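# Descriptive structure summary
Each chain is listed here by its residues.
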Amino acid sequence: MNIIAIKEDIFEEEADLAVFGVFSGTQIFSGALKSADKKLNGLLTVMSAEEKFGGKLGDQLVLHTHGKLPANRVMLVGLGDKKTFGAEAIRRAAGSTVRYADKIEALKIVCLFPNTGIDPAEAAQAMTEGALLADYKYLTFKPKEAKRLNKRKPMTLAIVASDASAVRSFEKGIAMGAIFARATVYARDLVNEPASRMTPTHLKEHAERLAANDKNIKLKVLDRAACEKLGMGAFMAVAKGSDEPPYFLHMVYRSNRTNKTYKKITLIGKAVTFDSGGLSLKPAEYMDTMKCDMAGAAAVLGIFSVLSDISPGVEVHGLIAACENMPSGKAMRPGDIVTSMNGKSIEILNTDAEGRLTLADALAYTDKKIKPDSIIDIATLTGACMVALGTDVAGLMSNDEKIASRIEAAASSAGEPIWRLPLPEDYAPLVIGDHADLRNTSRAKYGGAITAGLFLKEFAGETPWAHLDIAGPAFVERDALSYMNKGGTGFGVRTMLNWLKNI
Ligand code: BES
Ligand code: ZN
Ligand code: ZN
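From a predicted model like this one, the values you see are computed outputs, not experimental measurements.

Another aspect to go through is the pattern of salt bridges. It is possible for side chains of opposite charge to pair when their charged atoms get near one another. Applying the stated criterion to the full structure yields 26 salt bridges. Notably, a salt bridge pairs Glu 129 with Arg 91, separated by 2.8 Å at the nearest N-O pair. Placement of Glu 129 in helix H4 (residues 120–134) and of Arg 91 in helix H3 (residues 87–103) is noted, with a sequence separation of 38 residues between them. Arg 91 gets classed as buried once you look at its relative accessible area, which sits at 3%. The closest approach of N and O atoms between Glu 315 and Arg 254, which form a salt bridge, is 3.1 Å. Separated by 61 residues along the polypeptide, Glu 315 in strand E10 (residues 314–325) and Arg 254 in the loop between strand E8 (247–253) and strand E9 (263–275) bring together distant segments of the chain.

As a further point, take the site of ligand 1. Neighbouring residues of ligand 1: 17 residues in total, closest Asp 275, Lys 282, Asp 352, Glu 354 and Gly 383. Between ligand 1 and the protein, one listed contact pairs an oxygen atom with a side-chain N or O atom of Lys 282 at 2.8 Å. Here ligand 1 has 520 Å² of accessible area as a free molecule, and 79% of this is covered by the chains. Its atoms largely coinciding with the cavity grid, ligand 1 occupies the largest pocket. Here the residues of the shell around ligand 1 are counted per class, giving five nonpolar, five polar and seven charged.

The next thing to look at is the coordination of the zinc ion (ligand 3). As a benchmark, a tetrahedral metal site with four donors has ideal angles of 109.5 degrees, while an octahedral site with six donors has ideal angles of 90 or 180 degrees. For the zinc ion (ligand 3), every protein donor is listed as Lys 270 (NZ), Asp 275 (OD), Asp 293 (OD) and Glu 354 (OE), and the spread of their distances is 2.0 to 2.4 Å. Around the zinc ion (ligand 3) sit six donor atoms, and with donor-metal-donor angles ranging over 78 to 174 degrees the site reads as octahedral. All donor residues of the zinc ion (ligand 3) come from one chain, and their arrangement in sequence is K-x4-D-x17-D-x60-E. The metal-metal distance between the zinc ion (ligand 3) and the zinc ion (ligand 2) is 3.2 Å, with Asp 275 serving as a donor to both. Here Lys 270 is found in strand E9, whereas its partner Asp 293 is found in the loop between helix H10 (284–287) and helix H11 (295–304), with 23 residues between them in sequence.

A few words now on the coordination of the zinc ion (ligand 2). Bound to the zinc ion (ligand 2) are the protein donor atoms Asp 275 (OD), Asp 352 (O), Asp 352 (OD) and Glu 354 (OE), situated 2.0 to 2.2 Å from the metal. Viewed at the metal, the six donor atoms of the zinc ion (ligand 2) are separated by angles of 71 to 168 degrees, and the geometry they form is irregular. Motif for the zinc ion (ligand 2), donor spacing along one chain: D-x76-D-x1-E. Using a relative accessible area of 0% as the deciding quantity, one classes Glu 354 as buried.

Quick look at H4 now. Taking 1.5 Å per residue, 15 residues should reach 21 Å; H4 reaches 21 Å between its end C-alpha atoms and fits that length. In terms of burial, H4 is largely enclosed, as 12 of its 15 residues are buried. Along H4, the residues classified as buried are Ala 121, Ala 123, Ala 124, Gln 125, Ala 126, Met 127, Thr 128, Glu 129, Gly 130, Ala 131, Leu 133 and Ala 134.

On the basis of relative accessibility, which here comes to 1%, the residue Glu 129 falls in the buried class. Contact partners of Glu 129, with chain neighbours within four places excluded, come to Arg 91, Gly 177, Phe 180, Ala 181 and Arg 494.

This next bit is on the packing of aromatic side chains. Under the criterion given, the structure shown has six aromatic pairs. Here the aromatic rings of Phe 248 and Tyr 365 are separated by 4.7 Å at their centres, their planes lie at 50 degrees, and the arrangement is tilted. On the criterion of sequence distance, the pair formed by Phe 248 in strand E8 and Tyr 365 in helix H13 (residues 355–370) is long-range, its members being 117 residues apart. Positioned above the aromatic ring of Tyr 247, the side-chain terminus of Lys 204 is 4.9 Å from the ring centre. Directly above the aromatic system of Phe 459 lies the positively charged group of Lys 344, at a separation of 6.0 Å from the ring centroid.

This part is about the environment of Gly 415. You can see Gly 415 is positioned in the loop between helix H15 (401–414) and strand E15 (418–420). Since its relative accessible area comes to 17%, Gly 415 is described here as buried. When the C-alpha atoms of Gly 415 and Thr 351 are compared, they prove to be 34 Å apart, with 64 residues separating the residues in sequence. With near-sequence residues (within four places) excluded, Gly 415 lies in contact with Glu 88, Arg 91 and Tyr 483.

The next point concerns the sheet that holds strand E12 (residues 345–347). Read from one edge to the other, the open sheet built from three strands follows the order E11-E12-E16, with strand pairing classed as mixed. Strand pairing shows two members of the sheet lacking a second neighbour, strand E11 (337–339) and strand E16 (438–439), which therefore form its edges. Here E11 pairs with E12 via three bridges, running antiparallel. When the bridges of E12 are listed, Ile 337 appears paired with Glu 347.

Right, let's get into empty space enclosed by the protein. Under the defined criterion, the tally for this structure stands at two cavities of 30 Å³ or more. Estimated volume of the largest cavity: approximately 40 Å³. For the largest cavity, the full set of lining residues is Val 19, Ala 93, Ala 94, Thr 97, Val 98, Cys 111, Phe 113, Met 127, Ala 131 and Leu 157. Within the residue set of the lining of the largest cavity, elements represented by two or more residues are H3 and H4. Counting residues per element, the lining of the largest cavity draws most heavily on H3, which supplies four residues. Partitioned by chemical class, the residues of the lining of the largest cavity number nine nonpolar, one polar and no charged. Estimates place the volume of the second largest cavity at around 30 Å³. Taken together, Ala 187, Val 191, Ala 295, Ile 470, Ala 474, Gly 490 and Phe 491 make up the full set of residues lining the second largest cavity. Here the residues of the lining of the second largest cavity are counted per class, giving six nonpolar, one polar and no charged.

Rules used throughout
- One numbering rule holds for all chains: residues counted from 1, following each sequence as written.
- Chains carry letters and ligands carry numbers; both start at the beginning, A for chains and 1 for ligands, and go up in the order they are written.
- pLDDT decides what is reported in this predicted model: residues at 70 or higher carry local features, side-chain atom pairs at 80 or more are listed and counted, and totals for whole chains, interfaces and linings draw on all residues regardless.
- Note: side-chain values were computed over all heavy atoms of the structure, leaving out hydrogens and water.
- In what follows, salt bridge is the name for a side-chain nitrogen of Lys or Arg lying within 4 Å of a carboxyl oxygen of Asp or Glu.
- Under the DSSP-based scheme used, a helix requires at least four consecutive residues in state H or I and a strand at least two consecutive residues in state E, with every element numbered from the N terminus.
- Here the term buried applies to any residue with accessible area under 20% of the maximum for its type, exposed to any over 50%, and partly exposed to those in between, with areas from a 1.4 Å probe on protein chains only.
- We call a residue near a molecule or strand whenever a single non-hydrogen atom of that residue lies within 4 Å of it.
- In protein, a polar contact means a hydrogen-donor-capable atom and an acceptor-capable atom, both N or O and within 3.5 Å, with residues adjacent in sequence counting only if both atoms are side-chain atoms; elsewhere, any N or O pair within 3.5 Å suffices.
- Accessibility throughout is a Shrake-Rupley quantity obtained with a 1.4 Å probe, and a residue counts as covered only by protein chains that appear here.
- Put plainly, a pocket is an open set of points on a 1 Å grid over the protein atoms alone with protein on both sides within 12 Å along at least five of seven lines, a cavity is a set where a 1.4 Å probe fits but cannot get out, and a lining residue has an atom within 4 Å of a point.
- In this description, a molecule resides in a pocket or cavity if more than half of its atoms sit within 2 Å of the grid points defining it.
- Classes in brief: Ala, Val, Leu, Ile, Met, Phe, Trp, Tyr, Cys and Pro nonpolar; Asp, Glu, Lys and Arg charged; the others, Gly included, polar.
- Because no water is among the atoms considered, metal sites can look incomplete, with donors defined as N, O and S atoms within 2.8 Å of the metal, or 3.2 Å for Na, K and Ca.
- Each label reflects the angles at the metal, where four donors whose angles all fall between 85 and 135 degrees are tetrahedral, four or six donors whose opposite pairs open beyond 155 degrees and whose other angles stay between 65 and 115 are square planar or octahedral respectively, and the rest are irregular.
- Helix span is expected to be 1.5 Å times the residue number reduced by one.
- Should any heavy atoms of two residues lie within 4.5 Å, those residues are considered in contact.
- For this analysis, a ring pair means two rings from Phe, Tyr or Trp (six-membered ring only for Trp) whose centres lie within 6.5 Å, classed as stacked if their planes differ by under 30 degrees, edge-to-face if by over 60, and tilted for the remaining angles.
- Cation placement over rings: the criterion is NZ of Lys or CZ of Arg within 6 Å of the ring centroid and within 35° of the ring normal.
- One requirement defines pairing of two strands: DSSP has to find at least two bridges between them.
- Grid points are joined across faces, edges and corners, and a volume is the space filled by probe spheres set on the points.

Here you go:
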């Protein structure tokens with residue numbers, strides 16, 4: 001899809017579809033829309049009354065113009081309440097517009113949004129993200145469908161601007177939106193790939209490709225022997241049940257702008273390429289989506305794929321401890337005790353609480369080898385987080401108020417819902433072991449997202465650290481928002497890109 005900004009009059013442009021954004025509960029027909037209605041002999045007024053179109057977010061009303069306008073169809077798309085309007089409403093409206101345009105195989109859409117008070121670059125970025133993400137399909141195993149779509153001419157979405165300076169702002173936003181969408185799509189593709197193909201080796205190859213294609217990215221790969229030598233007993237315990245070789249990937253982004261004054265940050269993504277639960281085997285109905293258990297790593301790789309485009313003013317380290325969690329004669333057992341890279345011993349009580357074991361060594365590695373100014377880990381960590389916050393909202397836990405509030409702000413402008421959960425000291429004893437320093441499950445029945453967070457905190461050291469539990473929103477099993485198809489969502493990519501951009 002091509003997205004462009006134009007200064008043309010929306011009534012002069014030939015198109016398959018002319019789209020007008022409309023707020024709810026206001027005088028719908030004003031400005032350009034009033035002129036459109038006039039040219040259509042008042043049909044829009046009549047139809048919107050008959051169809052009870054009220055501008056509710058995502059609602060659509062389509063009218064064929066029969067030559068009364070250069071565009072074949074006019075579509076009104078609801079933007080919802082003006083008071084709650086923001087970038088996310090634009091994303092959703094753009095997504096539903098593209099879905100409709102796709103259905104009618106439109107080649108050209110012109111689009112006019114009312115003056116909203118939102119920064120025009122931000123509005124165009126949101127529109128671009130919504131449009132491109134709605135257009136996403138995972139078609140690796142549907143080659144016929146892929147071929148059919150490839151044969152189609154690409155759709156052009158032209159955003160109408162009032163003057164040349166608005167065109168420039170829109171173009172800036174479109175460029176940024178395309179980068180954000182590309183990184184998100186990169187992550188979605190990785191998550192949607194079946195676990196038989198998306199192995200630790202495959203993740204390693206992705207990291208290698210990113211490093212080969214971008215001179216700002218360096219990659220260090222640690223294989224099983226190297227990880228053992230470093231003392232990553234927790235990560236290795238998870239990895240040993242699988243025939244797939246594990247890899248610890250350490251990517252570093254440094255641009256030629258990077259100097260000594262630059263801050264160092266570390267992004268860690270959970271990378272369990274399939275989580276069967278191990279010997280504490282998952283019931284079938286909880287296992288069928290577990291190819292998504294590397295969504296954190298997918299987000300980190302998606303971010304690295306565009307770092308040179310956004311050129312953040314920081315040195316970025318990306319860590320991925322990739323392995324599979326499988327039951328076998330070589331698998332870790334409940335009751336086993338392992339020692340992580342920072343010397344802390346861990347009693348494994350449930351082999352399905354494996355994510356925190358892999359992350360423990362990634363955090364310990366960070367503390368020992370990188371010593372960054374801040375750390376974010378992103379992980380499909382606990383079903384308990386879904387119990388607490390539902391499927392759409394990620395949990396945020398942190399040992400530092402400043403980083404937490406910055407991530408909250410970044411998530412809010414990305415339209416990715418996150419909610420802060422506490423890490424109360426009083427709960428810390430719940431993850432203390434009987435025969436080891438720690439245990440990998442809580443002694444308590446409730447609060448599993450928080451106790452997982454408290455476990456990780458033991459490995460972050462003194463560094464400001466934030467943990468995003470994305471077990472819910474990383475993967476959708478129903479068609480969710482207009483710009484999210486079933487499957488991997490790429491959740492967290494846009495939040496972290498915002499955070500990196502503004503650091
Ligand atoms: N990968 C799962 C968490 C998960 C659940 C991700 C649902 C996405 C959707 C994780 O490794 C896990 O199994 N956690 C256990 C921990 C428990 C055994 C303490 C859980 O949440 O049930
Ligand atoms: Zn698990
Ligand atoms: Zn898991």
